[in-house]
Amino acid sequence: MIRRVLVVGAGQMGAGIAQVAAEAGRDVVLVDVSEARLQGGRAQIDASLARLTKKGTLSQADAQAALARITTSVELAAGQGAELAIEAIVEEREAKRRLLAELDRLMAAPAILASNTSTLPITDLAAATGRPDRVVGMHFMNPPPVMALIEVVAGLTTSEETVRAVSDEAAAYGKTPVRVRDMAGFVSNRVLMPMLNEAVYCLMEGIADAEGIDAVMRLGMNHPLGPLALADLIGLDTCLAILEILQRELGDPKYRPCPLWRSYVQAGYLGRKSGRGFYTYAQVPPEKRARS
Ligand code: CAA
């Protein structure tokens, strides 16, 4: 029975995951390396809960109760009593392996260690711990409070009991768990990232401007966001990291990241989180601008 959840990383995914778990009645400890990052996470949760209450999806009382169930800390040890730890830190193999090894030392023996990795093989992350049977992928979609899917990734060493426990947990969060095999990119990013990459190639080759490319996919394919606006939502640094991992792990040049990703990331244009990506985010988000 999972009552207490430790979420590591208070970025857009970690904060969203903490919110979703708290809404489902879990006591949540949200940990990050600095007070400033925790403050950013809390602000995101406040804004998201405010949206949900404004449209009546969540009552004021339930939103306040969810908020009260979330505590924050810069110390990993604050989450020691949790039955489930979900890491949502930067998409880097070494950083995630280091963190999982530390969690393995810290958490009670039966605790499950889940990774929100978008691409990295779970079997490799699990091997950094002494409990590879209790390491699993729990891949939330962005924004976690809105998106209905959690990809549940079973590594080679993950036990059936662990897969079942996190699938039940996903269902308790009101999400649909879909079990996938442990292969870089799983299903979501194996399919999504080549499309986003191709959109960036279209931009680089001047086939259309950003708004044109996005309009084709929104109006022509009924996508809620165009691929470039979606890349801005996910984070251009995250997209680049995912493509690099796909290329490295699967060894196929078809995943070669468009060079424009790198230039944008080098310039600090990371998407919505930095205020600029393929679009700028002063007031009106690009998908809200009329275009026929
Ligand atoms: N918290 C709470 N509610 C939110 C929210 C948030 N963070 N963001 C949006 N919403 C709600 C809004 O309140 C609104 O609710 P109503 O329709 O009931 O009024 C609804 O969601 C739609 O929001 P908006 O009108 O502001 O904007 P939108 O219509 O463009 O929807 C969106 C926003 C849901 C994000 C939509 O654009 C969308 O579905 N985009 C695609 C998202 C997507 O593909 N995510 C997957 C990314 S890939 C990934 O995450 C995996 C990876 O590893 C990279």
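For the structure, check the block above.
From a predicted model like this one, the values you see are computed outputs, not experimental measurements. (Residues numbered from 1 in each chain as written. Predicted model: local features only at pLDDT ≥ 70, side-chain atom pairs only at ≥ 80, totals over all residues. Heavy atoms only, no water.)

## Quick word on the packing of aromatic side chains
This is how it is decided: Stacked, tilted and edge-to-face are the three classes assigned to paired rings of Phe, Tyr and Trp, where Trp is represented by its six-membered ring and a pair needs centres within 6.5 Å; plane angles under 30 degrees give stacked, over 60 edge-to-face, the rest tilted. Only protein chains enter the area calculation, which uses a 1.4 Å probe; residues under 20% of their type maximum are buried, those over 50% are exposed, and those in between are partly exposed. Helix numbering and strand numbering both begin at the N terminus, where a helix is a DSSP run of H or I of at least 4 residues and a strand a DSSP run of E of at least 2.
Counted under the stated rule, the structure contains four aromatic pairs. Ring centres 5.7 Å apart and planes at 75° place the aromatic pair Tyr264 and Tyr269 in the edge-to-face group. Its relative accessible area of 26% is what places Tyr269 among the partly exposed residues. With a centroid separation of 4.9 Å and an interplanar angle of 40°, the aromatic rings of Tyr264 and Phe278 are classed as tilted. Here Tyr264, found in helix H11 (residues 259–266), pairs with Phe278, found in the segment after H11; they are 14 residues apart in sequence, far enough to count as distant.

## Considering the state of the cysteines
Quick note on the threshold: A pair of cysteine sulfur atoms is labelled a disulfide when the two atoms are within 2.5 Å.
This model, assessed by the stated rule, comprises zero disulfides. Here Cys239 is not disulfide-linked; the sulfur of Cys258 is the nearest cysteine sulfur, at 12 Å. Residue Cys258 stays outside any disulfide, its sulfur separated by 9.4 Å from that of Cys202, the closest cysteine.

## Focus on the site of the ligand
Rules: For this purpose, a residue is taken to be near a molecule or strand whenever a single non-hydrogen atom of the residue falls within 4 Å of it. Whenever two N or O atoms come within 3.5 Å, that pair is a polar contact, provided that in protein one can donate a hydrogen and the other can accept it, and provided that, for residues adjacent in sequence, both atoms are side-chain atoms. Put simply, Ala, Val, Leu, Ile, Met, Phe, Trp, Tyr, Cys and Pro go in the nonpolar bin, Asp, Glu, Lys and Arg in the charged bin, and everything else, Gly too, in the polar bin. These domain limits were set by an automatic method or by a database of domain assignments.
Near the ligand, the surroundings consist of 19 residues, among which Ser48, Arg51, Lys55, His139 and Asn142 are the closest. One of the side-chain nitrogen or oxygen atoms of Arg51 is found 2.6 Å away from an oxygen atom of the ligand. Here an oxygen atom of the ligand and a side-chain polar atom of Ser118 are 3.3 Å apart. Secondary-structure elements contributing two or more residues to the shell around the ligand are helix H2 (35–54), helix H7 (188–204) and helix H9 (227–234). When residues in the shell around the ligand are grouped by element, the largest group, three residues, is from H2. Residue composition of the shell around the ligand, by class: 11 nonpolar, five polar and three charged. Both domains that meet at the shell around the ligand, namely domain 1 (4–180) and domain 2 (189–279), each give it at least three residues.

## Looking at the sheet that holds strand S5 (residues 112–115)
Under the convention used in this document: Two strands pair if DSSP finds at least two bridges between them. In this analysis an axis means a line fitted to C-alpha atoms, helices contributing only their contacting stretch, and an angle means the value between N-to-C directions, from 0 to 180 degrees.
Strand order across the open sheet formed by eight strands is S3-S2-S1-S4-S5-S6-S7-S8, with mixed pairing between neighbours. Two strands bound the open sheet, and with one partner strand each, they are strand S3 (70–73) and strand S8 (176–181). The average undirected angle you get between the axes of adjacent strands in this sheet is 25°. Looking at chain direction, strand S4 (residues 84–87) and S5 are connected through four bridges and run parallel. Opposite Ala85, over in S5, you have Leu113 as the bridge partner.

This is a description of form; function is not addressed.
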